Amino acid sequence: MSEYALGVFFASWEPRFRLGIERDLATCQFLNVVIFYSEEYRDWTTNDRAVVSDYFASAGITYEFVSLDHRSAKDTWDTVRQSINSRGEIAGDAFIDISTMPRDVLWTCLTSLSQQNRKVDYVYHQPDEYGPWLSADPRKPRMLYRHSGVSELDKPLAVLATTGYDFDRTVQLYTTFEPKSLMLAIQIGGQYNNVDMNIRDHLNWATGKRGEGVVTFDVDAYSEDHGLQSLREHLLPIKDTHNIVLAALGPKTSSVAIYKLWREFPQSALSYIPCQKYSRNYSKGIGDTKLGTLE
Amino acid sequence: MEASTNPFVYDTANNLEPSTILDVYIKDNNYHRFIESKRNVVLEGERGSGKTISLLYSSQKVKQLQRERLGEKQDYSTVGVYVPCNNPLMHKREHELLPAVQSDILSEHYLVLVLLHYFVSTLEVIKDISEESLLEIEEEIKYVLGWDLPKNVGVLKGMRLFLSRLQRLVQEQANDFNQEIFYRRALSFSSSVLPLVEIVKSVPELRETHFLFLIDDAHDLNTHQRRVLNSWISFREHPSFSFKVAVAKVIDNDYVTVNGGTILEGHDFTAINMERPFQDEQSEFGKLAAEIVERRLERAGIKITAKQFFPENEDVKREIEAAKDAVRAEYIAAHGASNTKKISDHVYKYGRARFFQNRSSKANHVQYSGFDTLTHVSTGVVRNLLDPCYWMFERMQSSLKEGESPSSITCIPPHIQDEVLRQRSETLWERLQHDLSRSVLGCTEEQAHQVYQLVDNLVAHLRDRLLNHPTEPRAIAFTISAQTEETRQVLMPLLDIARKFQILYTRRGSAKDEGKKETYYVPNRMLLLDRGLDPVGQHARVSLKASDLIAASEGKPLPSVTKQDLLQEKLFDE
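Thresholds applied
- Residues numbered from 1 in each chain as written.
- Chains lettered and ligands numbered in written order.
- Predicted model: local features only at pLDDT ≥ 70, side-chain atom pairs only at ≥ 80, totals over all residues.
- Heavy atoms only, no water.
- Helix = DSSP H or I, 4+ residues; strand = E, 2+ residues; numbered from the N terminus.
- Rg over C-alpha atoms; globule rule 2.2 N^0.38 Å.
- Buried < 20%, exposed > 50% of the residue type's maximum accessible area, 1.4 Å probe, protein only.
- Areas by Shrake-Rupley, 256 points an atom, 1.4 Å probe, with all protein chains shown as cover.
- Lys, Arg positive; Asp, Glu negative; His and termini not counted.
- Charge placed at Lys NZ, Arg CZ, Asp CG, Glu CD.
- Pairing = 2+ DSSP bridges.
- Contact = heavy atoms within 4.5 Å.
- Axes fitted to C-alpha atoms, helices over the stretch in contact; angles between N-to-C directions.
- Salt bridge = Lys/Arg side-chain N within 4 Å of Asp/Glu carboxyl O.
- pLDDT = per-residue confidence, 0-100.
- Buried area = accessible area lost by both parts, 1.4 Å probe.
- Polar contact = N/O pair within 3.5 Å; in protein donor to acceptor, adjacent residues only side chain to side chain.
- Nonpolar A, V, L, I, M, F, W, Y, C, P; charged D, E, K, R; others polar.
- 1 Å grid on protein atoms, 1.4 Å probe; cavity = no way out; pocket = protein on both sides within 12 Å on 5 of 7 lines; lining within 4 Å.
- Points joined across faces, edges and corners; volume = space filled by probe spheres on them.
- Phe/Tyr/Trp six-rings, centres within 6.5 Å; stacked < 30°, edge-to-face > 60°.
- Lys NZ or Arg CZ within 6 Å of the ring centre and 35° of its normal.

(A) How the structure looks around the overall build of chain B. Within chain B one finds 22 helices and 10 strands. Expected size for 574 residues packed as a compact globule is a radius of gyration near 25 Å; at 27 Å, chain B falls within 12% of this value. On the principal axes, the C-alpha backbone points of chain B span a range of 85 × 60 × 50 Å. Considering chain B as a whole, with its 574 residues, one finds that 56% of them fall into the buried category. Carbon and sulfur atoms form 49% of the exposed surface of chain B, whose accessible area is close to 25100 Å². Side chains of chain B give 72 positive and 82 negative charges; the mean places of these two sets differ by 3 Å.

Laid out in C-alpha cells, this is it:
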C-alpha cells in the first residue's frame, strides 16, 4: 500500500471517476482528500459523489468536496489554490488522480503541490471507450494565471500543442493566437477511434496550411514519458528565437508532459481552452491505469 | 506572394515584406488619405477587408522604402508607428487576480509598454536623426522620465532594450509566486508616452512630425484597455499624434472612456467602413478592384486590363442584352418612349432579372463570368475578390505545358471562371454548414445550425423574389422590421455570428424616415451563385420581419412574395 498525506480528485459523471477511486483505494492510503467538482455539472455528479463519499468515510479518510465555478477562471484558481494551500501543514506525499480533471485545474494543483515540496504521484485511468463526441463550443483560449511565461515583442510566436478529439479547439488556438508557427503533436495509434477522430482531421487541416507555418509530428501520450522527449525535441530549436505557447488538447497524460515541458522552459506560457458544453456520455467503463511521478 | 508564382496569392498583411506591400497596395480609391491625416480614425471591417495592409502602408518602414525607391529625400511630416494588438502581452490575464483599480493600472501598463516598444522601434528605422539630437533625447529621457539607458549601444537601441527589460520585469513578477502580481512602477500614457513624444519632437529633425499611431486588431484589447485607448482618442486634434485604430466590426462598438464618457464619431474620430457597399464598375471599390488586379498581373509580367483577363461569356452577355432589350420594348409599348430616365430605371430593375427568369425554365445553369461579376461577388471585400482569382489562376497554371511560364497566361476563359466560382460558392455553403461553430468564438452548435437555416431560407427567399417579384426582383439587401427586445435577443446573436463568419455584411444607409441612418444586411454574394441568383443585385432593400427571420432560423421558409406584401413592404432606392 502506498501512503499519501494528501489525495486530490476531480468528480465527474464518467464511470471511471468512481471506478478509478475504487482502484486507487485498493492500492493507496490517504490521510486527507479533497475532491473538486464543477458547480455547473453538480447534478450530473451527485450520485457518484455520494458513492465515493461512502468509500472515503468507510476507509476513515478525512475528505472534503469543494465546488468550483469553472466558468470563472479567477474563482477556479483562487479556490483550488486555497484548498491545496490550506492543507500545507499536512506533511507527506501527494497523490493526484488526473483522469477526469480539467487541464487548468490539473496544472494549478501540480504547481500548488510542488510549492509545498511534496513528492507528487499521479494516476490516469483510461476509459473503456469514448462517446461519439466529448465537448463542444470552445471558449477563447486562455493562459493559465502565473504560468503565462515571459515573451518579447520582437519575437514571433510559436504554439506547440498536443491534439485530441476536439478539432474545434485546435482551430480556436490557431485563430486566437495567430502564431507564425503552429506545431501539432498528433497522438499515434488506433485506440479509441483515434484515426478518425484525431489524426485524419488534423492532418487534412495541417496539409492545407502547410505554407502557413503549420507542422505536425507524432507523439505517444501513453508511453512512459507521455511524449515529453518528442515535445522537447521540437521546442529546443526555437526556445530562444520564439515566444512559445504550450497547449494540451490530447490525452490527459499529455497534459502532464506539457506541464513538465513548461517547468523546463518557464518562459513559455501554458494555455487551455474552456468549453461550454460537455457530453453526458463522455466515456464508458474503465481501462488501463497509468502511473507516474512528477519529478 | 513571397514564394508563389500565382499573382493572386493572398497572405495576411503581417506576413508581407514592406516591398511587397508597396507593390500590391493601391492607395487610390482607398482610404489612404484618411490614415495620413491628423484626425483620429477608426477603421472597421472583418478579416480580409484590408485594414492591416492599409495601416502597414502608412508605417514608417514602408514609407521610407517607397521614398528610397523613388530616389526622394525622406519626409518626416508624418511618421507611422504600427502597433499590433494581437501579441503575447495582450493575452496575459494575471491582472484579473487583482482588485479593480490595480487590475486597470496593470492592464494599461501592458498597453503602454506595447505602444512604447513599437514607437521606439519605429524611431530606430529613421536614419536621419543626428548624433547631437540623439544625445539631446538621451539627456531629456534621463531627466524627465528617469530611464536608465544601457551604455554603448546607441540611444534608440538603448531605449528599446530598456523597454524590453521593463516588459520582462513585469512578466517575471506576475509569474513569480514569491512576488505580488501588481507592478508598482506601472507606466501610463500620460506619464510616459506623452512626454516621450514631446522629447522626441524637440529635436530639429522631428520638430514638425505628426506621429500616426496605427493600432491594429484593437478588438483584442481587454475592456479596460479599449477604454484607455478611447480616452487617448479623446485627445482629438493633438498636434503631435493621432490614432488610426483598426477593429473587427462590432455592431455595438464600445466607445466609452475610462471616465465613463463617450467618444463621438464625427467629433472625436472619423469612422471608416472598410467593407464597400457598392461594387459596380464606376464605384470606388469597382475602380480599386480593377487596380488591384491589374497591379498584381503586371507584377507577374502580364500587362493586361482586368476586364481583358477575366472576359465575360459572350453568349451570356448577348442574352442579358436581349433580355434588357425585351424589357425596354415592353415598357415603351406600354408607356411610350419619351421619358428616357424611366425607361433606363425600368431596364435596370428588370433587364437582368428577366434573363435569370428565362434561365430558370431551362435545364442548364447560369454561367458566371466577367470581371464585373467577380467584383460584385466580392461584396466589397478585397480578400473575397482575390480568392476566386487565385483558384482560377491555379487551374490555368496546372494545365501549362513543361517550360511554359505563368506569365504566358493572358486570360481566364469564361468557363473556367464559372467552374471556379461555382466551386467556391459550394465550398462556402459547406463551410457554413460544418465549420461555423469551430470558426466563430462563442458560437454553439445549436446556433451554428440556426444560422445555416436562416441563411439557407434567406437565399431561397431572394431566389423567390428574383423569379417572381413584380417590382424589385434583384434586391438582395434587407432591413429588419418589427423588432422587439425579445426578438432582438434571439436574432441579433445569430446575425452577429453570420457577420463574423463573413456570410453576412452590415451596412449603414439612409432610411426613408426623416433621413435617418439605418443598418441593413447584405449576404456574401458568393453564396448566391450556388443557388443560381444574380450576384450583381440591385440598389434596393427589402424589409423582413424579425419574427420571420427567427422562424427561418428554426427551419421555416420566409413568407413567399405576394402582392399583399408589396403594399406593406418598405423599399428603398439609394
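(B) Seen up close, the sheet that holds strand S13 (residues 269-272) of chain A. All names here are of chain A. Strands sit in the order S8-S13-S12-S9-S10-S11 across an open sheet of 6 strands; the sheet is mixed. Edge positions in the open sheet fall to strand S8 (142-143) and strand S11 (214-219), since each of these has one partner strand only. By the bridge criterion, 2 bridges tie S8 to S13 in an arrangement that is antiparallel. Each residue of the ladder has a partner; that of Arg142, found in S13, is Tyr272. Each of strand S9 (157-162), strand S12 (243-248) and S13 is contacted by helix H8 (residues 252-264), which is oriented at about 155 degrees to S12, the strand it contacts most.

(C) The arrangement of the pattern of salt bridges in detail. All names here are of chain B. Tallying each qualifying case throughout the model produces 48 salt bridges over all chains. One salt bridge in this structure joins Lys349 and Glu472, with 3.5 Å as the shortest N-O distance. Taken together, the positions of Lys349 in helix H13 (residues 340-360) and Glu472 in the loop between helix H18 (445-468) and strand S6 (475-481) put the pair 123 residues apart, joining distant regions of the chain. Look at Lys349 and you get partly exposed, because its relative accessible area is 22%. Three or more residues are tied together by salt bridges with common partners; here these are Glu46, Asp496, Arg499 and Lys500.

(D) Summary view of the confidence of the model for chain B. Residues and elements named next belong to chain B. Chain-level pLDDT for chain B is 90 on average; 94% of the residues reach the 70-or-more range. Counted against residues more than four places away or in other chains, residues 569-574, with its pLDDT under 50, gives 24 contacts. As scored by the predictor, the complex reaches a pTM of 0.88 and an ipTM of 0.93.

(E) Focus on the environment of Asn47(A). Locating Asn47(A) in the fold gives a position in helix H2 (residues 42-58). Taking the C-alpha atoms as reference, Asn47(A) lies 9.9 Å from Arg18(A); in sequence the two are 29 residues apart.

(F) Geometry of the pairing of strand S4 (residues 241-247) of chain B. Residues and elements named next belong to chain B. The buried count for S4 comes to 7 of 7 residues, which makes it a mostly enclosed element. Side chains Phe241, Phe243, Val245 and Val247 project from S4 onto one buried face, and the interleaved Ser242, Lys244 and Ala246 project onto a second face that is buried too. Sheet topology note: the strand S1 (residues 41-44)/S4 ladder contains 4 bridges and is parallel. Bridged to Leu43 within S4 is Ala246. Relative to S4, strand S3 (residues 210-216) is paired through 5 bridges, and the arrangement is parallel. Bridging across to S4, Ile215 finds its partner in Val245.

(G) Structural view of the interface of chain A and chain B. Across the contact, 36 residues belong to chain A and 41 residues belong to chain B. Of the roughly 3200 Å² buried where chain A meets chain B, counting both sides, 49% is carbon and sulfur surface. Three residues stand out in chain A for area buried against chain B, namely Lys140(A), Arg146(A) and Leu153(A), and they jointly supply 26% of the buried area on that side. Here chain A and chain B share 3 salt bridges between them. When the shortest N-O distance is used, the salt bridge between Glu178(A) and Arg47(B) registers 3.0 Å. Scanning the region where chain A abuts chain B turns up 20 residue pairs in polar contact (both at pLDDT 80 or more). Counting residues per element, the ones that place at least two in the side of chain A that touches chain B are helix H3 (73-85), helix H4 (103-115), strand S7 (135-138), S8 and helix H5 (167-177) of chain A. Element by element, the count of residues in the side of chain A that touches chain B is highest for H5(A), at 7 residues. Residue classes in the side of chain A that touches chain B are distributed as 12 nonpolar, 11 polar and 13 charged.

(H) Spotlight on the sheet that holds strand S5 (residues 270-273) of chain B. Residue and element names in this part refer to chain B. Taking strand neighbours across the sheet as the criterion, the 5 strands line up as S2-S3-S4-S1-S5 in an open arrangement whose pairing is parallel. Of all strands in the sheet, those with a lone pairing partner are strand S2 (78-84) and S5, marking the two edges. Sheet twist, expressed as the mean angle between neighbouring strand axes with direction ignored, is 20 degrees. Sitting on the sheet, helix H4 (residues 60-70) is in contact with S2 and S3, with an inclination near 135 degrees to S2. Where helix H8 (residues 189-201) meets the sheet, its contacts fall on S3 and S4, and the angle it forms with S3 comes to roughly 140 degrees.

(I) View of empty space enclosed by the protein. Tallied over the full model, the rule gives 7 cavities of 30 Å³ or more. Lining of the largest cavity is provided by 42 residues; of these, Arg103(A), Arg169(A), Lys252(A), Tyr278(A) and Tyr282(A) occupy positions nearest its centre.

(J) Highlighting the packing of aromatic side chains. Following the criterion strictly, the structure yields 45 aromatic pairs over all chains and no others. Consider the rings of Phe309(B) and Phe393(B), whose centres lie 6.3 Å apart with planes at 25 degrees: the pair is stacked. Taken as a pair, Phe309(B) in helix H11 (residues 306-309) and Phe393(B) in helix H15 (residues 382-398) lie far apart in primary sequence, 84 residues in all. A connected cluster of aromatic rings, assembled from ring pairs, spans Tyr4(A), Phe9(A), Phe30(A), Tyr37(A), Phe56(A), Tyr63(A), Phe65(A) and Phe95(A). Above the face of the Tyr37(A) ring, Arg49(A) is positioned so that its terminal group lies 4.0 Å from the ring centre. A cation over a ring is seen here: Arg49(A) above Phe65(A), with NZ or CZ 5.9 Å from the ring centre.

(K) Molecular detail of the pairing of strand S7 (residues 504-510) of chain B. All names here are of chain B. Within S7, 5 of the 7 residues are buried, leaving the element largely enclosed by the surrounding structure. Relative to strand S8 (residues 517-523), S7 is paired through 7 bridges, and the arrangement is antiparallel. Across the sheet, Arg508 pairs through a bridge with Thr519, a residue of S8.

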